[in-house]
Every structure is written in C-alpha cells, then in structure tokens.
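# An overview of the molecular structure
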Amino acid sequence: MADYGFPKTTRLLSAEDYKAVFSNSQFKASCRHILVLAISNDCQHSRLGLVIAKKHISKAVQRNKVKRIIRDSFRLHQDTLAGLDLVVLARKDADKLGNPQLRDKIQKLWKELADKLARANN
RNA sequence: AGAGUCAGCUGGGCAAUUGCUGUAGAUAGCUCUUCGUUUAUCGCAUAGCGUUAGAUGAGGAAAUUUAUAGAGGAAAGUCCGGGCUCCAUAGAGCAGAGUGCCAGGUAACGCCUGGGGGGUGAGAACCCACGGCUAGUGCAGCAGAAAAUAAACCGCCAGAUUACUUUCGAGUAUCAGGUAAGGGUGAAAUGGUGCGGUAAGAGCGCACCGCGCGACUGGUAACAGUUCGUGGCAAUGUAAACCCCACUCCGGAGCAAGGCCAAAUAGGGAUCUAAUGAUGCGGCUCGUAUCGGAUCCGGGUAGGCCGCUAGAAAUCUGUGGCGACGCAGAUUGAAGAUGAAUAAUUGUCCUCGACAGAACCCGGCUUAUAGGCUGACUCUUCUU
RNA sequence: AGGCGCGUAACUCAGUUGGUUAGAGUGCUACCAUGACAUGGUAGAAGUCGACAGUUCGAAUCUGUCCGUGCCUA
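Residues numbered from 1 in each chain as written. Chains lettered and ligands numbered in written order. Predicted model: local features only at pLDDT ≥ 70, side-chain atom pairs only at ≥ 80, totals over all residues. Heavy atoms only, no water.

## Re the protein's contact with RNA strand B
- By nearness alone, 20 residues border RNA strand B, and Tyr18, Asn64, Arg68, Arg75 and Arg103 come closest of all.
- In RNA strand B, atoms within 4 Å of the protein come from the sugar-phosphate backbone in 78% of cases.
- Arg71 places a side-chain nitrogen or oxygen 3.0 Å from a phosphate oxygen of RNA strand B.
- Listed by contribution, the elements that provide at least two residues to the surface near RNA strand B are β3 (47-51), α2 (60-77) and α3 (99-121). (Near = heavy atom within 4 Å. Polar contact = N/O pair within 3.5 Å; in protein donor to acceptor, adjacent residues only side chain to side chain. Helix = DSSP H or I, 4+ residues; strand = E, 2+ residues; numbered from the N terminus.)

See the structure below:
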C-alpha cells in the first residue's frame, strides 16, 4: 500500500533546496498555467516546493487554494515521482481555473515528468 | 398589508474516505543524539587524561498511534491611538505636528456617549473639519463706474453774471455740485418693509422685523430667552490662506523589534612554544616588526530556539449611571503556522452559499460584502 | 508582515509649496524643400491632470477616502 501522507520530510524546506532546483533543473514540464521544475535527489522519496507569486495571483485566498490543490494532488501521486525534488510555479490566471480543471492539469504534468524520468534512467 | 428608519445576530448544514499544524498521553528501545555510571581495549609525558566498543539510567529529536483544538466580521486598507522591545536621553523653553461647539467616557485616540447649534425629510430618523476674519497680514482673475480706509458709468436733482434755440412755459449743451431710490456686471455691491421727510435722495427720523453690545434669568457648560437696557447699523467672503487662541503630543525606530545557542570559511586578541629560523629596517652586532604550530577567549554569518499568545480577555449575574462606561462576584481556557497548517474528494439536503485568509497583541475608524433571522420605531391604506 | 514613494498628451518629464493661462521634448498628421529617401522648415491635432467626495465664487494644485504602481527591511 502506497503512503499518501505529506510530512515535513517530503517538502523543500530551506532556501538552498530551492536554489539547487532553480539553478540546475534537469526535468521540466509546463502548461499555460503551471510550470514544474525538477532534479533528482539522494532520498528514496520525492520532495515538493511551491512558488505561488503574489504578482500572478493577487488574492491570498486564491493563493492558498491553489497551493492546497497542488499539495493534495502531489500527496496522491508521489509514489510515481520517487527520487525527485520538484518546484511548482504558478503562472498568471492559475486561480481562474476550477478545482477539477486544476487537478487534471497537474496530474498530466506529473505523468509527463514520470515518463521523462523513466527515459532518463534507461 | 405595503413602504421605510435604526439596532443586533448569522456568514451553508450533514455523512464517509484521505491529509496538515499545535497540545496532551502511550508505544518499541529498531534509528540518531546529549549527559551520567560502569566494563573491556588502545595511546601517552601514567594516583591521571583521551580513543573505540558494549551494558545500564535519565532527557531530547524523529517515527507510529490515541484523544483534543484549529481563520474573520472585516483577519483587508495601514488612516489614528496604545501596549511591548531596543537604541538615545540632566531640566525647561522655542520651534514643529495634530485636534478644534460643550460636558463626560477611556490605557489612549482624530473613537464613543449625552447635550447645544445648523441643515435634510411627511415622519421614525439622518448629516455637519461646527473656535476666531469686531488681533493683525494677505488674496478676491474676467466682467463692472466701483471689490474693501468704498465708489458717481447710466440715471435722478436744484443751481450758474455761461452758450445756443425758443411758441417766453422751457429745452439742449457746458460748468462746478448733491444723490446709493432705480439700471446693468459679478460668486459677492455695505440690513428688510412701511410711513414721514427732501430739490432729488439717504437710518436722515419713526414703527415693526433682523443684527451687534451689556445686564438679568435658566443651564456645570456650549447655549437659550414673547425679559430689560443700549447702538442707527459701525460688522463682504476666504483660516481644508498665513496666522491668533485653547488643548494634546513632543527623541527615534519597529517582532524583519529584541534576546539566547551557534557550524564551515576568513579574520582579531591573549598565553605558550621551537628552528636561536626566514624576511624588512640597518654597513654589521644589538634592537624592533612580520611570518609557523598548539591552547584558550570574545565578536559573529548560515541555521536553530525564545519573543508567541492569560489579555485594558470573554461570558453570565448583581449594582451605579439617561448613556458611552465603571465597580463587584462567579465561570471558562478558546489558532499560533514559519516555503508558512486550518483542507481535498465523493455523496446528500436546502434558500445553491457574498466579501474574503491570522503572522507580536489590543482599542477604534475606513473600505468590500450574497442571503437569512430577531427586536424597536415611523408613515400610508384597509378591517374591527 | 512592517515602512516609504509615485500617478499630468501615445512615451519621457515641467507646472503642485504660493488657487483663476495646462506647458516642453520625442513621436503622430498635413504641407514646403528633394528626381526619391533621410535631415531640415512651417502648421496642426492629441489631456475630464488615476477615481470619487468635500472646502471655495473657482481645484492638476488644499483636505479626506479608495484604486493602480514601484521601492526598502531577512
């Protein structure tokens, strides 16, 4: 049975972690509203970081909502992305999507990343 | 029944599954770690100190699990007022900033309550930066004759040793005057109506109204008055113009304040040390400065911890007060994150869910806000 | 979160303190000059001064409240 928890070990915590992902990102996946960067890490599991800029989503309620949905989706799909440090950036108008649409989009991006990872390992 | 005014409350509910953060407890001693006791081992300068490994006791982290709590009325804007913290600081004044009818409330306020005055509305009610331009200084474009110690453009008026005309009444022009009743300009033109008065007029005089000043009465006061006296009126607007008056603040920053622990790297200070070393100053010795190693010390970055939520607290009761609010008693423990929790999915119900997310904490103000509920009051219509 | 500043022509800025006329440069349009283009010359258009209230006879300017935008503090 897969572990669907989201404890602190599966998050990016310090500024250095983020810096590492930004400066040498190995994998990329994006759509109109979301961009995902990733590098492989030394852990067994994957780790998630979120960058939701105030510039792109102006209202705090909307920012929180987007973060929650992405986090929840990551929680349910993290077993397919093992060994990656991920940073998810929200682009403009990401808050205009409905909850189910946002969910679909992020799921597709997870899948794309998983494929790329498999290809790189082979 | 309809229309409306004010005040208060609420801000989707239920169920299942999967998650997050705090707090309290439990678990196994499988993982990491701190301190102590003890056994073995190895090293050395050997009553000792240190290395490594094991056993054991206590604590912490992480993990698993159970219970429990978990955004707002505005959490927002940052427009005011405080608490708290640090730095600065003899005291007083000037300067500066703010407030501005009166009284009270408050930790304090630019907030609130009650009262006064003015305005809006049929009314319940609502709105008002509401001290002073009779302390001084300034400003008032254009238009208009004149714009602030008033003023004569048109008009009106009697006069003249004047000129012309003449129907001999006077008229026109000119001169030097009087006049603020009428005209037009302007946002604004120096009380209103009537009577008298006059050459024409004029607060020039009078009556009433309005206004100023003083007294009296009521009121803590602002202020009010079918009161009395007095002044012919002197007093245009503007203080969100300078300013005057009264009161308040009066050093500065803000939890990214501030305090504690503290790696790596670089650098600082103190002590010891050896080649009796190297380099610079110097012709050489002496001297002096720098350079090596070890130990200790303090500052301090990354990072971590505290600050952090029990407070001008909430609720209820009693009591004083018209009220804001005060006082007394009882009860309650109610978010505290830090790449930042408080949710997601599914089902279901209804009226189909607005504005919107704590970040040190309070008191206000302002702005945004779907719908629902309660109470008090006003007006209109109908019925009894 | 806390603390500062700025909104004026399409663009870059004056004017705001001290109230009564909105101005400069670049760009744009038309014409002149040239065989043509650039340069040059002449003329012209373009602004509810971020929005809404208030004070005033009168507001880009004074006062208040919102909106947008930028910067600083780890």
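Resuming the write-up.
## A few points about the sheet that holds β3
- A sheet is described by the order of its strands in space; here four strands give the open sequence β1-β2-β4-β3, paired in mixed fashion. Pairing within the sheet leaves two strands with one partner each, and these edge strands are β1 (27-30) and β3. The mean angle between the axes of side-by-side strands here comes to 15°, regardless of whether they run parallel or antiparallel.
- As defined by bridge partners, strand β2 (residues 34-40) adjoins strand β4 (residues 84-90) across seven bridges and the pair is classed as antiparallel. When the bridges of β4 are listed, Ile34 appears paired with Ala90.
- Contacting β3 and β4, α2 crosses the sheet at an angle of about 165° to β3. (Pairing = 2+ DSSP bridges. Axes fitted to C-alpha atoms, helices over the stretch in contact; angles between N-to-C directions. Contact = heavy atoms within 4.5 Å.)

## Some details on the nonpolar core
- The biggest cluster of nonpolar side chains holds 28 residues, and the ones touching the most others in it are Val36, Leu48, Leu86, Val88 and Trp110.
- Secondary structure elements with two or more residues in this core: β1, β2, β3, α2, β4 and α3.
- It is α3 that provides the largest number of residues to this core, a total of seven residues.
- Setting aside residues no more than four positions away along its own chain, Leu48 makes contact with Phe6, Thr10, Arg11, Leu12, Arg71, Phe74, Leu86, Val88 and Trp110.
- In this structure, Leu12, Leu35, Ile39 and Val87 belong to the second largest nonpolar core, which totals eight residues. (Core = buried A, V, L, I, M, F, W, Y, C linked by side-chain atoms within 4.5 Å. Buried < 20%, exposed > 50% of the residue type's maximum accessible area, 1.4 Å probe, protein only.)

## Overview of α2
- Along its 18 residues, α2 runs 26 Å from first to last C-alpha, staying within 8% of the 26 Å computed at 1.5 Å per residue.
- Looking only at α2, the buried set comprises Arg63, Val66, Ile69, Ile70, Ser73 and Phe74. Down the axis of α2, the buried side of the element spans an arc of 135°, and every buried residue falls inside it. Turned more than 90 degrees away from the buried face of α2, the exposed residues are Val61 and Arg68.
- On its buried face, α2 sits against β3, β4 and α3. (Expected span 1.5 Å × (residues − 1). Arc of directions from axis to C-beta.)

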